[in-house]
Amino acid sequence: MATILGICCSRRPLGNSEVLLREALDEAQKTGAAVSFLRLPDLRFEPCRGCLACVYKGSCAIKNDDLGVLLEKVLEADGLIIAAPTYLLGPAGIVKLVTDRALSLSPHLEDLAGRTRVAATISVAGNRKWNPLGVELLNLFPLAYGYRVIDYLEAYAPGPGEVLLEPENVTRARELGRRVARALSGEIEARPPEEQQCGNCYSRAFRLNGQDRITCVVCNTTGRLVPDESGLRFVTDPPDPHGHFWTAEHRRHHLNEWIVPSRDRYLARREQIKKQLTRYKT
Ligand SMILES: Cc1cc2nc3c(=O)[nH]c(=O)nc-3n(C[C@H](O)[C@H](O)[C@H](O)COP(=O)(O)O)c2cc1C
């Protein structure tokens with residue numbers, strides 16, 4: 001039976017993230033998946049140390065926090081549904097803290113490549129105008145942990161549980177849970193992206209590259225802004241030979257052709273760098 005891990009990133013008991021996540025998981029269970037619920041703030045995470053032991057030594061150097069617990073659950077789960085409150089224009093800080101640790105997945109990339117792993121995200125904020133990075137940065141979490149994102153939900157309500165006042169929120173959460181569960185039984189039907197969204201990751205955050213060229217800031221898909229009768233459309237370029245940033249192929253390429261060799265490039269110049277650093281020592 002397919003397993004779906006639900007991750008709630010809010011500390012508020014019965015807050016909006018939790019309520020919508022529980023609706024999504026309940027529907028996923030009714031659709032035939034085994035589900036579990038994890039409240040991320042109940043675990044303890046240290047910030048990434050930047051040592052790259054995960055890449056060079058095969059496991060994270062931080063041994064006294066709960067990344068191992070999370071990683072075990074994530075590696076086991078075929079599906080992921082993650083819900084987070086927006087704090088200061090994007091998902092609560094714990095989402096980024098744990099996303100930063102996703103290079104720990106590197107030793108497992110080959111094992112994961114052959115599996116169907118899909119995810120959906122639920123971004124909850126108080127005010128529609130104040131959530132420009134909610135979906136984008138929340139979607140980065142499953143992408144970085146090796147899932148394809150096939151649906152997302154944005155819901156708006158400030159008080160805990162207030163999302164329930166709008167029945168459409170519950171309908172959408174249940175639809176999202178059903179979509180993930182069905183995808184895991186072979187019926188992958190991703191939510192169609194809107195014309196202004198990146199076709200790979202649903203982002204609406206793009207970097208302007210001059211003239212009509214733009215790049216999705218989440219998955220690095222490039223393309224052009226093309227005017228038509230309804231306004232401007234994002235027309236993507238033919239895919240990079242390695243796919244967008246978060247495909248298994250691109251990650252393998254990035255790991256082997258950039259991260260791993262960066263070590264030898266650094267070591268070759270370490271003595272020079274050390275000398276230049278002496279003036280900053282206190
Ligand atoms: C510290 C803090 C910062 C917040 N910042 C934003 C924000 O930038 N934009 C927004 O729309 N809502 C913001 N909110 C409102 C929450 O996103 C909203 O209350 C949400 O429903 C909380 O979800 P929860 O009930 O799952 O915890 C903020 C709330 C807190 C406590």
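Residues numbered from 1 in each chain as written. Predicted model: local features only at pLDDT ≥ 70, side-chain atom pairs only at ≥ 80, totals over all residues. Heavy atoms only, no water.

The protein chain appears in an unreviewed UniProt entry as Multimeric flavodoxin WrbA from Desulfofundulus thermosubterraneus DSM 16057.

**Q** What's the story with the packing of aromatic side chains in this structure? I'm lost.
**A** To describe a pair of aromatic rings, one takes the distance between the centres and the angle between the planes. Taken as a whole and judged by the stated rule, the model has four aromatic pairs. Directly above the aromatic system of Y147 lies the positively charged group of R117, at a separation of 3.8 Å from the ring centroid. In this structure, R191 packs its charged tip against the face of Y152, placed 4.0 Å from the ring centre. (Phe/Tyr/Trp six-rings, centres within 6.5 Å; stacked < 30°, edge-to-face > 60°. Lys NZ or Arg CZ within 6 Å of the ring centre and 35° of its normal.)

**Q** Looking at this structure, I do not really get the sheet that holds strand β8 (residues 213-216). What am I missing?
**A** Read across the sheet, four strands follow the order β7-β8-β9-β10 without closing on themselves; strand pairing throughout is antiparallel. With partners counted over all chains shown, the strands left at the sheet margins are β7 (206-208) and β10 (231-236), one partner each. For this sheet, the mean inter-axis angle between neighbouring strands, taken without regard to orientation, is 40 degrees. Both β7 and β8 contribute to a ladder of three bridges, which runs antiparallel. Among the inter-strand pairings, R207 is bridged to a residue of β8, identified as T215. (Pairing = 2+ DSSP bridges. Helix = DSSP H or I, 4+ residues; strand = E, 2+ residues; numbered from the N terminus. Axes fitted to C-alpha atoms, helices over the stretch in contact; angles between N-to-C directions.)

**Q** When you look at the environment of R117 in this model, what are you seeing that I'm missing?
**A** Relative to the assigned elements, R117 resides in the loop between α5 (109-113) and β5 (118-125). Residue classification places R117 among the buried residues on the basis of a relative accessible area of 4%. Note: C-alpha distance between R117 and S104 (13 residues apart in sequence) is 17 Å. Setting aside residues up to four positions removed in sequence, R117 forms contacts with V74, L75, A77, D78, L112, Y145, G146, Y147 and R148. In this structure the side chain of R117 is engaged in a polar contact, spanning 2.9 Å, whose partner is the backbone oxygen of G146. (Buried < 20%, exposed > 50% of the residue type's maximum accessible area, 1.4 Å probe, protein only. Contact = heavy atoms within 4.5 Å. Polar contact = N/O pair within 3.5 Å; in protein donor to acceptor, adjacent residues only side chain to side chain.)

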